[in-house]
Amino acid sequence: MTSFTPDGRIALPALRVLPALLPVVLALGLSACKSDSDGKGKGPQTPPEVGVVIVGTQDAPLTLELPGRLSASQVAEIRPQVSGIVLKRLFVEGSTVRAGQPLYQLDAATYEAELARAAAALQKAEAQAGVARTRAERDAELLKADALSRQAADDSASTARQMQAEVAVARAALDAARVQLERTRISAPIAGRTEVSSVTAGALVTANQTQALTTVQQLDPMQLDIVQSSAEILLLRRQLDSEGKGDQGASRQIRLLLEDGSEHPQAGTLQVSGVTVDRGTGAVTLRATVPNPKGTLMPGMVVRAKLVAGVDGDAIVVPQQGVTRTPTGDASALVVGEGNKLELRRLKIKRALGNQWVIGSGLKVGDKLVVEGLQRVRANQVVTPVPAGSTKNGKKKGGAEGAAKPASAPASAASVAAAATPATAAAITAAAAAAMTMSTTRGSV
């Protein structure tokens, strides 16, 4: 629908020109600012900042973490020493037994009869020996009175000694029969925990059979066997035998890391080392004892043993992020030298200590080691060293703060013009004025 002005002209809708021209004006202003800054705004660049740490010394414990397998300190496989039928089992499977406690009872009727026979044989031999001894004594008296020949007296004495020997044989047979009877009750030779039983009541067992009836294992303390290479054994022995590197008793203590990652509460003690190197693996077996009062450790478990072999006093220890390696594996680091110029140092690393390196050579106390900003610098470059972890003026570098701000409303033409050169500012102001005039003028026909 057509509308008219008070003077009779046709009124046209207002032209929305400013919103359409404003991006063009802003682009012109920004491009002018950029070109001006590119041409004339460059000044001396500030040296890049790098985070540094001051190299110092500390005590570096020599800790070895070695895999090992646990075993019982004593193991007894229970086998019968006589044959017979198992009458009953006298223990609870998996329970702890004491030394000498009965475990099985075999049928003892045969061995009781044998014991009785041996006892009767001993009595018979003793009676015959008594008769022979009396005869020998009588013949000796007759010989003194010349009432008996010497030959007869000697025969009587010989018979008496022979019968005495028969008594000794019969007594030994009685002792053997008694031992066999006692073996029908099978007892534990050591104190420990029992395994499951391989036989039940009514089973026939034989003397010295290959299958064990059960096994008794002493689980407190436990033994830990650690297999280590001969080269590392030599290093370990030098550390253990060295003087002035800590308490030697403490250095032989080990801590156990279990399969679930937990640590065994009781510390073990390194006891003995093998004397023979395995020809196939080049390894030596170390043995340690570990207390196990609660029965937490079980035979056959694979654990990791942490052994503190000594303490390296006044060692140079640096963070690992400050050390880089070449493609050939050589270690190097950047150090801030005189005039804040970076120096490349070749390092010799002894070993790792957690997330740090123990340095053998290449660094000295007081050096400023670069640990942050290594990607932005190179050797022989001048830098600005700051303590590692700190930032310039408490803000992050690289314009991150301005980049993180969300885009705001378009800037005014006056602000853009103020940031541009004088010629560009005049052009921007004129364009903005023309746009404002066009937006406020009513068209007419």
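A quick note: this is a predicted structure, and the numbers were derived from the prediction, not measured.

Peer 1: Would you mind going over the overall build of the chain with me for this structure?
Peer 2: Within the chain, the regular secondary structure consists of eight helices and 21 strands. Split into buried and exposed, the 445 residues of the chain put 32% on the buried side. Long-range contacts, defined as pairs at least 24 residues apart, comprise 75% of the intrachain contacts of the chain with a sequence gap of at least 6. With the model as given, the accessible surface of the chain reaches about 27,000 Å², and the carbon-plus-sulfur share is 55%.

Peer 1: In this structure, what is going on with the environment of Glu343? I would like to understand it.
Peer 2: With respect to the element layout, Glu343 can be found in strand S18 (residues 342-353). When the C-alpha positions of Glu343 and Ala333 are compared, they lie 8.2 Å apart, and in sequence the two are ten residues distant. Those residues in contact with Glu343 that sit more than four places away from it in its chain are Ala333, Leu334, Val335, Gly337 and Glu338. Reaching out from Glu343, the side chain makes a polar contact with the side chain of Arg345 at a distance of 3.3 Å.

Peer 1: Is there a simple way to explain the nonpolar core in this structure?
Peer 2: Counting 32 residues, the largest nonpolar core has Leu103 and Tyr104 as the members making the most contacts within it. Mapped onto this core, the elements with two or more residues apiece are strand S4 (57-78), strand S7 (102-106), helix H2 (109-144) and helix H3 (150-182). Looking at this core, the element that brings in the most residues is H2, giving eight residues. Residues contacting Tyr104, with those up to four places away along its chain left out, are Val86, Lys88, Arg89, Leu90, Phe91, Thr184, Arg185, Ile186, Ser197, Val199, Leu213 and Thr214. Core analysis: the second largest hydrophobic core is formed by 23 residues, Ala72, Ile233, Leu286 and Val303 among them.

Peer 1: Sorry, what's going on with the packing of H2 against H3 here?
Peer 2: If you want to describe how two helices pack, look at the angle between their axes and the distance between the axes. Closest axis-to-axis distance for the H2/H3 pair is 7 Å, and the angle between their directions is 165°. Judged on the interaxial angle alone, H3 and H2 are roughly antiparallel. With respect to the hand of their crossing, H2 and H3 are arranged in left-handed fashion. Residue composition of the contact of H2 with H3, by class: 22 nonpolar, five polar and ten charged.

What counts as what
Residues numbered from 1 in each chain as written. Predicted model: local features only at pLDDT ≥ 70, side-chain atom pairs only at ≥ 80, totals over all residues. Heavy atoms only, no water. Helix = DSSP H or I, 4+ residues; strand = E, 2+ residues; numbered from the N terminus. Buried < 20%, exposed > 50% of the residue type's maximum accessible area, 1.4 Å probe, protein only. Contact = heavy atoms within 4.5 Å. Areas by Shrake-Rupley, 256 points an atom, 1.4 Å probe, with all protein chains shown as cover. Polar contact = N/O pair within 3.5 Å; in protein donor to acceptor, adjacent residues only side chain to side chain. Core = buried A, V, L, I, M, F, W, Y, C linked by side-chain atoms within 4.5 Å. Axes fitted to C-alpha atoms, helices over the stretch in contact; angles between N-to-C directions. Parallel < 35°, antiparallel > 145°, perpendicular 65-115°, else oblique. Left-handed = near helix turned anticlockwise from the far one by under 90°. Nonpolar A, V, L, I, M, F, W, Y, C, P; charged D, E, K, R; others polar.

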